[in-house]
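# Understanding the architecture of this molecule
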Amino acid sequence: MKQKLSVRVFSKRKSPPAGRAGIENNKILILDTIFHGYALKKILEWTNFYCKVPLPTILFLIVSSSCIKNTEFDIVSDACSENVIANTTYTQVKELYVGELVQIQEDLIIDGYVISSDKAGNFFSVLHFQDSPTNPTEGFQIEIDLRESHLFFEMGSRILIKLKGLYLNKSRGVFKLGGTFSAFGTTSVGRLPALKIPEHIFLSCDSSSNIQPVNLILENLNDNKVNTLVQVDSLEFVGDEFGLPFAEVRKETKRTLKNCNNNEIKLVNSGFADFQGDILPEANGSVTAILLKENADYLLALRDLDDINFINQRCADLKMTSTQIFFSELADPNNNTGARFIELYNASNKVLNLDGWILRRYTNANTEISSTINLTGLSIAAESTLVISPNAEEFELTYGFAPDLGVSTNSPADSNGDDNLELVDPFGVVIDVFGLVGEDGSNTNHEFEDGRASRNIEITGANSIYTFSEWTIFNDTGEAGTTNLPQNAPEDFTPGSRE
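First, a word on what this report is: a plain description of the structure on this page. (Residues numbered from 1 in each chain as written. Predicted model: local features only at pLDDT ≥ 70, side-chain atom pairs only at ≥ 80, totals over all residues. Heavy atoms only, no water.)

Turning next to the overall build of the protein chain. Scanning the protein chain from terminus to terminus reveals 5 helices and 31 strands. Looking at the protein chain residue by residue over its 499 residues, the buried ones come to 52%. If you take every contact in the protein chain between residues at least 6 apart in sequence, the share linking residues at least 24 apart comes to 68%. When the accessible surface of the protein chain is split by element, carbon and sulfur atoms take 48% of a total near 22400 Å². (Helix = DSSP H or I, 4+ residues; strand = E, 2+ residues; numbered from the N terminus. Buried < 20%, exposed > 50% of the residue type's maximum accessible area, 1.4 Å probe, protein only. Contact = heavy atoms within 4.5 Å. Areas by Shrake-Rupley, 256 points an atom, 1.4 Å probe, with all protein chains shown as cover.)

So this is what it looks like as structure tokens:
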């Protein structure tokens, strides 16, 4: 076997996420960052055999590296092979699976082009590869107990895998190669031990290829493209997830992407990825990712944030619903009808988009809608308010700041305190109400004439059935459990602040 050896020095490399670091406590050992947990003696034996580097040379390098004070240096060796030749296809290998875990006994070899990378921390202990750098017909994955695998197997590098002795299984709809893992009496494909990797995975001496993603649309995803690099255009994150990070800390997290036909796919992100805490972008554009599958569901996984290119306007119809938007304060000041307003509150921890939402007013005892306000184009920040005034100029003079939305008189925001109100989502569902449609509010427990209706602070969700116990109401009658105490603006009102 002809061997080519090169030694690369990587300087000032960013440390991997917590829990995955291979350099700890200012110690540097050759290959210890890669084969964590194995005896150094065994590693040296493997290195001497595989790379054909004399043992004294290895020991010299170890002693030399121990004197380096900068712990951001790694010395990593790689070798390539010219006489390992592929002799089978992915399809033929997958046909060996007959419904249960199988150890491959035949002298079979496959080749492929690496498309994944653990450099940004979104992949861990797995290599994804496909059968061609352009227009691949199939992909595969192999589980490996190898940290910082991108230092050995760069994206685009061609690898050859000797399959004899490896295990093959189909888990959650996906074929996997690797070693074995046993838990609770069940054996499945697990990580190939680090010291076994040089017996099975070989780098070709070919130059690395430029991997070209296959352009797909969500409606045409299929199993043949699983474990291949794809590009999907015209995607955007759903409005419900605005303001959220890509992943929760140390927790695999799925975020939802959709296209303009409202078809959705999950983007799976590691809680250890470098971009874990980055906030999801709100625009629209393309996503380059590895196509994965979990049972019947397709998933996308980024290599790093460069795989997202969101530079376009969002889809025209952005609709969402939530029960965490509700009426929080209604105002009919005794001393100034021009200072009336409606306040909505978003109790969630993310921005909520109001495209398609409307407010309805039923005047007095009417059962037909008297007026509406279209909230399209507006959004409410997390744990924040939206204030709507029928007289924006007078509102600003009275309260010292402009309302979020100025509307006309005789609108839902211009109620004199004996009307009934509904908050309706884009799908026509009544999310929250004040009052009882068909009943005039005068002298009832939903009258706020010359006063104020304030949602009690402990209420954190909408209610489509009016419930008096959720409210504190001041008016000029004091009927039905309300308080007879007319309210004056600005001192008796708190628009823009839930108190």
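There is more to say, and it comes next.
Turning our attention to the sheet that holds strand β28 (residues 430-434). What the 4 strands build is an open sheet, ordered β23-β22-β27-β28; its pairing is antiparallel. The open sheet has two edge strands with one neighbour each: β23 (371-374) and β28. Neighbour to neighbour, the strand axes of the sheet diverge by 15° on average, direction disregarded. Pairing of strand β27 (residues 420-424) with β28 involves 4 bridges; the strand directions are antiparallel. Within β28, the residue paired with Leu 421 across the bridge is Phe 434. (Pairing = 2+ DSSP bridges. Axes fitted to C-alpha atoms, helices over the stretch in contact; angles between N-to-C directions.)

Take the side chain of Asp 118 next. In this structure, Asp 118 sits in the loop between β4 (109-114) and β5 (126-130). A polar contact of 2.7 Å, which involves the side chain of Asp 118, links it to the side chain of His 150. Sequence-distant contacts of Asp 118, defined by excluding residues within four places in its chain, comprise Phe 123, Leu 146, Arg 147, Glu 148, Ser 149 and His 150. (Polar contact = N/O pair within 3.5 Å; in protein donor to acceptor, adjacent residues only side chain to side chain.)

Glancing now at helix α5 (residues 392-399). The complete set of buried residues in α5 reads Phe 395, Thr 398 and Tyr 399. Angularly, the buried residues of α5 cover 75° about the axis, an arc narrow enough to put them on a single face. Relative to its buried face, α5 has exposed residues pointing more than 90 degrees away, namely Glu 393 and Leu 397. Looking at the buried side of α5, the elements it contacts are β20 (341-346) and β25 (384-389). Gly 400 lies just past α5 and shows a positive phi near 85°. (Arc of directions from axis to C-beta.)

Taken as a whole, this structure holds 2 disulfides when the rule is applied. Here Cys 260 connects covalently by a disulfide to Cys 315, the sulfurs 2.0 Å from one another. Because the sign of the S-S torsion sets the handedness, a value of about -85° for the bond joining Cys 260 and Cys 315 places this disulfide among the left-handed ones. In this pair, Cys 260 sits in the loop between β14 (253-258) and β15 (264-269) while Cys 315 sits in the loop between β18 (308-312) and β19 (325-331), placing the two residues 55 residues apart along the sequence. Relative accessible area serves as the criterion here: at 47%, Cys 260 is assigned to the partly exposed category. With relative accessibility at 8%, the residue Cys 315 sits in the buried group. (Disulfide = S-S within 2.5 Å.)

With 28 residues, the main nonpolar core has Phe 327, Leu 330, Leu 344, Leu 359, Leu 375 and Phe 434 as its most contacted residues. Ignoring sequence-local partners within four residues, the contact set of Leu 344 consists of Phe 326, Phe 327, Ser 328, Leu 359, Leu 375, Ile 380, Ser 384, Thr 385, Leu 386 and Leu 423. (Core = buried A, V, L, I, M, F, W, Y, C linked by side-chain atoms within 4.5 Å.)

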